[in-house]
Amino acid sequence: MGRLDGRCAIVTGGARGIGRHYATALAAEGAAVMIADIADGGDLAAELASKHGRNATASMVCDVSDEAQVKALVAKTVERFGKIDILVNNAALYSQLEETEFTNIDVALWDKVMAVNVRGPFLLAKHVVPHMRAKGYGKIINIGSGSTFRGMPQMLHYTTSKGAIVAFTRSLSRAVGGAGICVNTLAPGFTLSDSVVENNPGHVQTSRDNAIQRRAIKRDGYPQDILGALVFLASSDSDFVTGQVIAVDGGAVNT
């Protein structure tokens, strides 16, 4: 018996990077998972279906900043699985962003980061919450960042967007708590995911050693380190936990 047997989850940004690990972990615990990403997640859906049954996963290409695409994603998920119990707002612009002096950040890039990293979670919540309310149950897990608590001056656009996610979580938790919906932020520290290692070696070089020095646990962080907290927030174990930030960063920050 898995801790998420009978549950259905949407994982945005679930085809690549840490999101791929999130989708895999939820499926391993028994959840049916809709993998939503601007990249095609069909290979992961097929892999998980072969392990956990043909109805265990599905995938859909979706730009979370586009309301029409988000509405279509939610409708397809409900059509396929009948409900939505868990929403993991993971899709974000990060691994492609170069460290930049803030005065050199192009306005169009700033707006794109905010559209994906902030508008995206809002749109998902806007269209998923009515389905959760109808069932009187739901878990929304917004993916934040440890950078929110210490500042990261060379990534001002990204850090600002993740600060907004903390405020979004706190406000949304109070808006939907009466309907039995829990909303929390999972805030990883600097994590050696495939996407950041492959796409942004310069950021890895400048951040890796500093991240380890800040930690109480002096080692690199990997996607597998975050999965226990993810499953906790997605499961009934956290039914009385909402509006919180859980940092998984080896003790670099205290929330």
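Residues numbered from 1 in each chain as written. Predicted model: local features only at pLDDT ≥ 70, side-chain atom pairs only at ≥ 80, totals over all residues. Heavy atoms only, no water.

**Q** What am I meant to see in helix H8 (residues 201–214) here?
**A** Structural remark: α-helix, 3.6 residues per turn; residues separated by three or four positions point the same way. For H8, built from 14 residues, the straight-helix expectation of 20 Å at 1.5 Å per residue is met to within 8% by its first-to-last C-alpha distance of 20 Å. The sharpest bend along H8 measures roughly 35° and falls at Ser 207. All buried positions along H8 are accounted for by His 203, Val 204, Ser 207, Ala 211 and Ile 212. Residues of H8 that are buried in the fold lie against helix H7 (194–199). (Helix = DSSP H or I, 4+ residues; strand = E, 2+ residues; numbered from the N terminus. Expected span 1.5 Å × (residues − 1). Bend = angle between axes of the 7 residues up to and from the residue. Buried < 20%, exposed > 50% of the residue type's maximum accessible area, 1.4 Å probe, protein only. Contact = heavy atoms within 4.5 Å.)

**Q** Help me understand the packing of helix H3 (residues 67–81) against helix H4 (residues 107–135), please; the structure alone is not making it clear to me.
**A** Relative placement of two packed helices is described by the angle separating their axes and the distance separating the axes. Their axes nearest at 9 Å, the elements H3 and H4 cross at an angle of 30°. Taken together, H3 and H4 sit at an angle that is classed as roughly parallel. The handedness of the crossing between H3 and H4 comes out as right-handed. Here H3 contributes Glu 67, Val 70, Lys 71, Leu 73, Val 74 and Val 78 to the contact with H4, which in turn contributes Leu 123, Leu 124, Lys 126, His 127, Val 128 and His 131. A breakdown of the residues in the contact of H3 with H4 according to their chemical character gives seven nonpolar, two polar and three charged. (Axes fitted to C-alpha atoms, helices over the stretch in contact; angles between N-to-C directions. Parallel < 35°, antiparallel > 145°, perpendicular 65-115°, else oblique. Left-handed = near helix turned anticlockwise from the far one by under 90°. Nonpolar A, V, L, I, M, F, W, Y, C, P; charged D, E, K, R; others polar.)

**Q** How do you make sense of the packing of helix H1 (residues 17–28) against helix H2 (residues 42–52) when you look at a structure like this?
**A** Their axes nearest at 11 Å, the elements H1 and H2 cross at an angle of 20°. When the axis of H1 is compared with that of H2, the two are roughly parallel. Like other packed secondary-structure pairs, H1 and H2 cross with a definite hand, here right-handed. Contacts from Arg 20, Ala 23, Thr 24, Ala 27 and Ala 28 in H1 reach Asp 43, Leu 44, Glu 47, Leu 48 and His 52 in H2. Here the residues of the contact of H1 with H2 sort into five nonpolar, two polar and three charged.

**Q** Sorry, what's going on with the sheet that holds strand E1 (residues 8–12) here?
**A** Sheet strands pair by backbone hydrogen bonding; their relative direction is either parallel or antiparallel. Read across the open sheet, the seven strands follow the order E3-E2-E1-E4-E5-E6-E7; overall the sheet is parallel. The open sheet has two edge strands with one neighbour each: strand E3 (57–61) and strand E7 (245–248). Each strand axis lies, on average, 20° off the axis of its neighbour in the sheet, ignoring direction. Bridge count between strand E4 (residues 86–89) and strand E5 (residues 138–143): four bridges; the pairing is parallel. Note that in E5 the partner of Leu 87 across the bridge is Ile 140. Lying over the sheet, helix H6 (residues 156–176) contacts E5, strand E6 (181–188) and E7, oriented at roughly 165° with respect to E6. (Pairing = 2+ DSSP bridges.)

**Q** Just to check I follow, could you spell out the pairing of E6 for this structure?
**A** Within E6, eight of the eight residues are buried, which leaves the element mostly enclosed by the surrounding structure. Residues Ile 181, Val 183, Thr 185 and Ala 187 point to one face of E6 and Cys 182, Asn 184, Leu 186 and Pro 188 to the other, with burial holding for every one of them. With six bridges connecting them, E5 and E6 associate as parallel partners. Across the sheet, Ile 143 pairs through a bridge with Leu 186, a residue of E6.

**Q** Hey, could you run me through the packing of aromatic side chains in this one?
**A** Aromatic ring pairs are described here by two measures, namely the spacing of the ring centres and the angle between the planes. The final tally for this structure, using the stated rule, is one aromatic pair. Plain terms: the ring middles of Tyr 94 and Tyr 158 are 4.6 Å apart, the flat faces sit at 35° to each other, and that makes the pair tilted. With Tyr 94 in the loop between E4 and H4 and Tyr 158 in helix H6, this residue pair connects regions lying 64 residues apart in the sequence. Exposure class is identical for Tyr 94 and Tyr 158. Each is buried. Over the aromatic face of Tyr 137 sits the side chain of Arg 7, whose NZ or CZ is 3.9 Å from the ring centroid. (Phe/Tyr/Trp six-rings, centres within 6.5 Å; stacked < 30°, edge-to-face > 60°. Lys NZ or Arg CZ within 6 Å of the ring centre and 35° of its normal.)

**Q** Is there a simple way to explain the side chain of Lys 139 in this structure?
**A** Relative to the helices and strands, Lys 139 is located in strand E5. Among all residues touching Lys 139, those that are not within four sequence positions of it are Asp 85, Ile 86, Leu 87, Met 132, Cys 182, Leu 233, Ala 234, Ser 235, Ser 236, Ser 238 and Asp 239.

**Q** How do you make sense of the environment of Ala 91 when you look at a structure like this?
**A** Mapped onto the fold, Ala 91 is located in the loop between E4 and H4. For Ala 91, a relative accessible area of 16% corresponds to the buried category. Measuring from C-alpha to C-alpha, the distance between Ala 91 and Gly 14 comes to 7.5 Å, with 77 residues separating the pair along the chain.

**Q** What is the right way to look at H4 in this model?
**A** With 29 residues, H4 ought to run about 42 Å at 1.5 Å a step, and its terminal C-alpha atoms sit 41 Å apart, in line with that. Of the residues that open H4, the one with a side-chain oxygen 2.9 Å from the backbone nitrogen of Ala 108 is Asp 106. A positive backbone phi angle near 70° is found at Gly 136, which sits one or two residues after H4. (Polar contact = N/O pair within 3.5 Å; in protein donor to acceptor, adjacent residues only side chain to side chain.)

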